[in-house]
Structures are given as structure tokens and as C-alpha cells.
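In case you want the letters, here they are:
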Amino acid sequence: MSLADNDRWLLSYYRSSEINGALFFGRVARTIRGPLQANVTHHFADEAAHAHYWTACISDLDSTPLALGRGYQDQYLDAVGMPANLMEVMAITQVFERRVIGQYRRHLRYPGIQAAVRRTIERIMVDERWHISYVRDALAGMAQRYGEAEVAQTLDRFDAADREVYARTLAEYGDRIAFLADPAP
Amino acid sequence: MTAPVRHRVRVLVVTSTDARRALRLAGGMLGIAPTECSFPHPRLSLSHTDRQAAAVAVAGPAAGTGVDLEHLRPADPRTARFFLRPEEEAWLRRCPARAVEHVRLWTVKEALFKADLGNATRTLRDYAIDDPAARTGVARAPTGERIVYTSTRRRDTILTVATAIHTRHPGASMPTSTITFDAVAARLGRILSAPAGGLTPRTFLADVAADSFELVEIVVDLQEEFGVTFTQADLRPILTLGDLVELLRARTDAAPD
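This is a predicted model, so every value here is computed, not measured.

(A) How the structure looks around the overall build of chain A. Counting its secondary structure elements, chain A contains six helices and zero strands. Helices (α) and strands (β) of chain A occur, in sequence order from the N terminus, as α-α-α-α-α-α. The buried share of chain A, reckoned over its 185 residues, is 53%. Partitioning the intrachain contacts of chain A with sequence separation of at least 6 by distance along the chain shows that 82% fall at a separation of at least 24. Accessible area for chain A stands at about 8,300 Å²; split by element, carbon and sulfur atoms hold 54% of it.

Okay, here's the thing in C-alpha cells:
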């Protein structure tokens, strides 16, 4: 079964975003010290594995990934500015992971989803739930160093940017994902 | 509850009829040429009136420095609401020397504003003075950051100097005394896979970082290495490696011993 153009584009977009996530977390994993080092390195490996899953999935569906340029993460950095410290890195990750899970859930609700795509998303979602969990705990642990109010304000700021970036993405690529039907969360 | 921390700073105040001369002399104390600094600066500040200028250089734990100089002159009491918080304004209304205190509190708020490196979106009313009557006292920025200030009157002028105090998280692996440009350049050289010898204080960060992810790695690595914390407001004016090293020193100096 071959992929329709929009399916191919969307799966390639997922793959590209996972690659960008791996590149970003690879950078953070290289530099981070302390107890978060193990989790961030695990996270980096997960993102790379997810990119591999999508590559395999697209191949199973008799297609090849499209080479896409700027990813969702790049638009985040444009909207919110460069994360200035480790807390902001974790905060932007929390917001981004929530968006990813929302998007994958939306895709799972699509009645025409291919079995290979469903299997891939379900496999990735296991990791994504862990990402949300460890990042939430990390942010709670950072309240003493950065201040509880500062952490909350940063999350609010990134949440607002996320809504803006998602709206912009829908405006630009809405026709590509219209087949998923139900409105975005 | 945190234990009180004593911060020791050396403050040089230069007054002159020439603002550039005052800045050159104050900057000289820190080894900074006027052309190399932009404001707000962690350890330098400048203020001038039509007749006089004052520049301040702070050696020690300053994470933001502000100075304001004003001639005493009658001020419309109604303007107080534009720069004072309600409780500060209430104190001023009860004050016998209201006209002089009006000008002094203006200089305090101006100096506090200049000492806040994240002041881009703030107004003078955002800074809360603990005790408006105090000539030397403490105020707080909206982030909770403490800013200490002192005001002096000399003939017909009032001068206020303010310095912001940051606290440092535990875990710094490098003592302050070793934070030299070469030490920072060597770390960056490892991240960038570029020879550290090619990096100078005038090298632009945008020219050495391959992409925004690499910039994130640089700033997170330096904070982890030196045990300090940057904010987006701190990083906004940073263009060159020299700026970055200066910020790093200011943040590390500001750490309690």
C-alpha cells in the first residue's frame, strides 16, 4: 500500500521533528551534569529511535521520507527566543511534548489510519508519556533554584508561544492534515 | 528562610562636566573602553544632566548597576503617581521635606531601573522600595531580585547608585579567580570543535555557533560549568564572546561566598 501525498508529507514531518528533537537533546545531553544527565541522554536516544521508527514505517508503506527543512522546534525558538537556561530548556520540552502527544492522539482517532502508522504512534507514545513525566519532575525540582513563580511564568509564556506556532503551522500546512478531520486541541 | 548574605563591593563614582570622560574613567577601573560597553551593563552606568555627569563602576558582586543624577528643582507633586507605588506615594505625601524627597525618590527609581538588566519591558513603578525614607536601602525588581541603593545630596544635586545582587546555586566547578577569557574560550573551543586560539573577545557569537541548538549548548554548558544562571534578559544584549565572559564574571562575582 503506498502513501498518499499528504500522508507521506505528514509522516515525513513527524520524522523530521523527531530528528530535530534528537539533535537538540544531543546538544543538551553533551553538556548537562548531575542527576538529569541520564534522563536527558535517554530522551536524546528516544528521539533518534523515533526518527528511525518513522523512517521504517514510511518504508513499510512503500515510500521514502521527504526531506523537510525547518522543523516545529525551529519555529518554537523563533517565537519564544533561545532558552536561556536549563529550566527553560525543560519548560519548552514540556510544552512541546504535550503538543506532540496531542497531535499523535489526534492521528490515532483518524478512521483511515494505516496499521503501520498506528503501531508506530503507539510505540512512540509509550516514550512520550515518560518524557512528560520526567520533565515535569525535573521542573518541580528546579523550583528552588529558579523560583516557583519563574518556572510557572516560563511555562505560561511557552504555552502561549506554542498556541501561536501551532496556529501558524495550521495556517501554512492545514490542507496537508485536513484529512485528520477533528479540530486541533 | 535564607540566611543573610553580606556582599562586598567597591564602587567608583566619577563626576565630570563631560559624560564621555566620566565613563572613560569609570570604565578604566574595570578595563572596559566606552566603545566596548552597552547599557544596561552589569557593572557600569552613566547619568548626566545639562551641567554634570556621573559614571559608576562596580568591582565585586554586581549583577546590574545604575546611577542617576538630578538637580534639585521644583517638581509637580502630581507626577509622583507615575513612578511611585501607592505605599511609596503615601509616604511621600506625609513627608515634611516633600519637594526634595520627590526628586530623591525619582533618582532611586531611575537607578533601580538602570540596575535591572531585564528592564526592557518594565516601568519605574515595577520596583518596590522596602523603606522609602531610607537613604541607603533595598528594593525589589518584579522578579524578586534584590537591588541595593544609596542616595547622597551634594549642594543642589542628588545622586543615587544602585547595584543588583544575584544569588548563586551550589555546584560551581570552577572558582571565580580562574574565569578568564582564555578559560571560557577553551571550553567553547571544545563545544564548537574550533581552535580556541581563533576566538577573541570581539568574536560575535552568531559567527561561531552553527545554529540555535549550538547556542543553547554554549549557554547551558557555561552555566553548568560556572554554577550561575542566565535569563533571556541577560542574554539579549550579549553579542560577542567578550560580552558573554563579562556577564559570566558578573554573575559569578555576585555569588555569595
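What follows continues from the structure just given.
(B) Geometry of the overall build of chain B. Across its full length, chain B holds eight helices and eight strands. Taken across its 257 residues, chain B has 51% of its residues classed as buried. Here the contacts in chain B between residues at least 6 apart in sequence split such that 57% fall between residues at least 24 apart. Looking at chain B as shown, the accessible area adds up to about 12,400 Å², and 54% of this sits on carbon and sulfur atoms.

(C) Spotlight on the pairing of strand β7 (residues 146-154) of chain B. Residues and elements named next belong to chain B. Here strand β6 (residues 136-140) runs beside β7; their pairing, made up of five bridges, is antiparallel. Among the inter-strand pairings, Arg-140 is bridged to a residue of β7, identified as Arg-146. Counted along the chain from β6 to the antiparallel partner β7, the turn is five residues long, and its residue Gly-144 has a positive phi close to 95°.

(D) A look at empty space enclosed by the protein. Residues and elements named next belong to chain A. Applying the stated criterion to the full structure yields two cavities of 30 Å³ or more. Space inside the second largest cavity adds up to approximately 140 Å³. As for the second largest cavity, its lining consists of 13 residues, of which Phe-24, Gln-73, Ile-92, Thr-93 and Phe-96 are closest to the centre. Elements that contribute at least two residues to the lining of the second largest cavity include exactly α1 (5-31), α2 (36-60), α3 (72-80) and α4 (86-108). When residues in the lining of the second largest cavity are grouped by element, the largest group, four residues, is from α4. Grouping the constituent residues of the lining of the second largest cavity by class yields seven nonpolar, four polar and two charged.

(E) Representation of the pattern of salt bridges within the structure. Taken as a whole and assessed by the stated rule, the structure comprises 24 salt bridges over all chains. Glu-217 of chain B serves as the salt-bridge partner of Arg-27 of chain A, at 2.8 Å between the closest nitrogen and oxygen. Of this pair, Arg-27 of chain A sits in helix α1 while Glu-217 of chain B sits in helix α6 (residues 212-226), placing the two residues on different chains. Side by side, Arg-27 of chain A and Glu-217 of chain B carry an identical accessibility label, which is buried.

(F) Examining the interface of chain B and chain A more closely. Chain B puts 21 residues into the contact, and the matching count from chain A is 22 residues. Buried area between chain B and chain A, both sides added, is near 1,900 Å², and the carbon and sulfur share of it is 55%. Contact with chain A buries area across many residues of chain B, yet Phe-213, Glu-224 and Gln-232 of chain B alone supply 37% of it, more than any other trio. Across the contact surface, chain B and chain A share six salt bridges.

(G) Spatial organisation of α2 of chain A. Residues and elements named next belong to chain A. With 25 residues, α2 should reach 36 Å at 1.5 Å per residue; the first-to-last C-alpha distance of 36 Å fits that figure. Turning to α2, its buried residues number three or more, namely Leu-36, Val-40, His-43, Asp-46, Glu-47, His-50, Ala-51, Tyr-53, Trp-54, Cys-57 and Ile-58. Where α2 is buried, its residues meet α1, α4 and α5 (115-146). After α2 finishes, the residue Asp-62 shows a positive phi value of roughly 60°.

(H) Summary view of the environment of Arg-145 of chain A. Its place among the elements puts Arg-145 of chain A in helix α5. Measuring from C-alpha to C-alpha, the distance between Arg-145 of chain A and Met-87 of chain A comes to 9.2 Å, with 58 residues separating the pair along the chain.

(I) Structural view of the environment of Leu-105 of chain B. Residue and element names in this part refer to chain B. Inspection of the secondary structure puts Leu-105 in helix α3 (residues 98-115). Since its relative accessible area comes to 0%, Leu-105 is described here as buried. With 16 residues separating them in the primary sequence, Leu-105 and Glu-89 have C-alpha atoms 9.8 Å apart. When neighbours within four sequence positions are excluded, Leu-105 is seen to be in contact with Phe-83, Leu-84, Trp-91, Leu-92, Ile-129 and Pro-132.

(J) The arrangement of the packing of α1 of chain A against α2 of chain A in detail. All names here are of chain A. At their nearest, the axes of α1 and α2 sit 8 Å apart, and the two run at 160° to each other. It follows that α1 is roughly antiparallel to α2 by the angle criterion. Crossing of α1 against α2: the hand is left-handed. Along its contact with α1, which presents Leu-11, Ser-12, Tyr-14, Arg-15, Glu-18, Ile-19, Gly-21, Ala-22, Phe-25, Gly-26, Val-28 and Ala-29, the element α2 presents Val-40, Thr-41, His-43, Phe-44, Glu-47, Ala-48, His-50, Ala-51, Trp-54, Thr-55, Cys-57 and Ile-58. For the contact of α1 with α2, the per-class residue count stands at 14 nonpolar, seven polar and three charged.

(K) Molecular detail of α5 of chain A. All names here are of chain A. Compared with an ideal rise of 1.5 Å per residue, which puts 32 residues at 46 Å, α5 spans 45 Å between its outermost C-alpha atoms and is within 8% of the ideal. If you look at α5, its biggest bend is around 25°, right at Met-125. Within two residues after α5, Gly-147 carries a phi angle of roughly 95°, on the positive side.

What counts, and at which threshold
- Residues numbered from 1 in each chain as written.
- Chains lettered and ligands numbered in written order.
- Predicted model: local features only at pLDDT ≥ 70, side-chain atom pairs only at ≥ 80, totals over all residues.
- Heavy atoms only, no water.
- Helix = DSSP H or I, 4+ residues; strand = E, 2+ residues; numbered from the N terminus.
- Buried < 20%, exposed > 50% of the residue type's maximum accessible area, 1.4 Å probe, protein only.
- Contact = heavy atoms within 4.5 Å.
- Areas by Shrake-Rupley, 256 points an atom, 1.4 Å probe, with all protein chains shown as cover.
- Pairing = 2+ DSSP bridges.
- 1 Å grid on protein atoms, 1.4 Å probe; cavity = no way out; pocket = protein on both sides within 12 Å on 5 of 7 lines; lining within 4 Å.
- Points joined across faces, edges and corners; volume = space filled by probe spheres on them.
- Nonpolar A, V, L, I, M, F, W, Y, C, P; charged D, E, K, R; others polar.
- Salt bridge = Lys/Arg side-chain N within 4 Å of Asp/Glu carboxyl O.
- Buried area = accessible area lost by both parts, 1.4 Å probe.
- Expected span 1.5 Å × (residues − 1).
- Axes fitted to C-alpha atoms, helices over the stretch in contact; angles between N-to-C directions.
- Parallel < 35°, antiparallel > 145°, perpendicular 65-115°, else oblique.
- Left-handed = near helix turned anticlockwise from the far one by under 90°.
- Bend = angle between axes of the 7 residues up to and from the residue.

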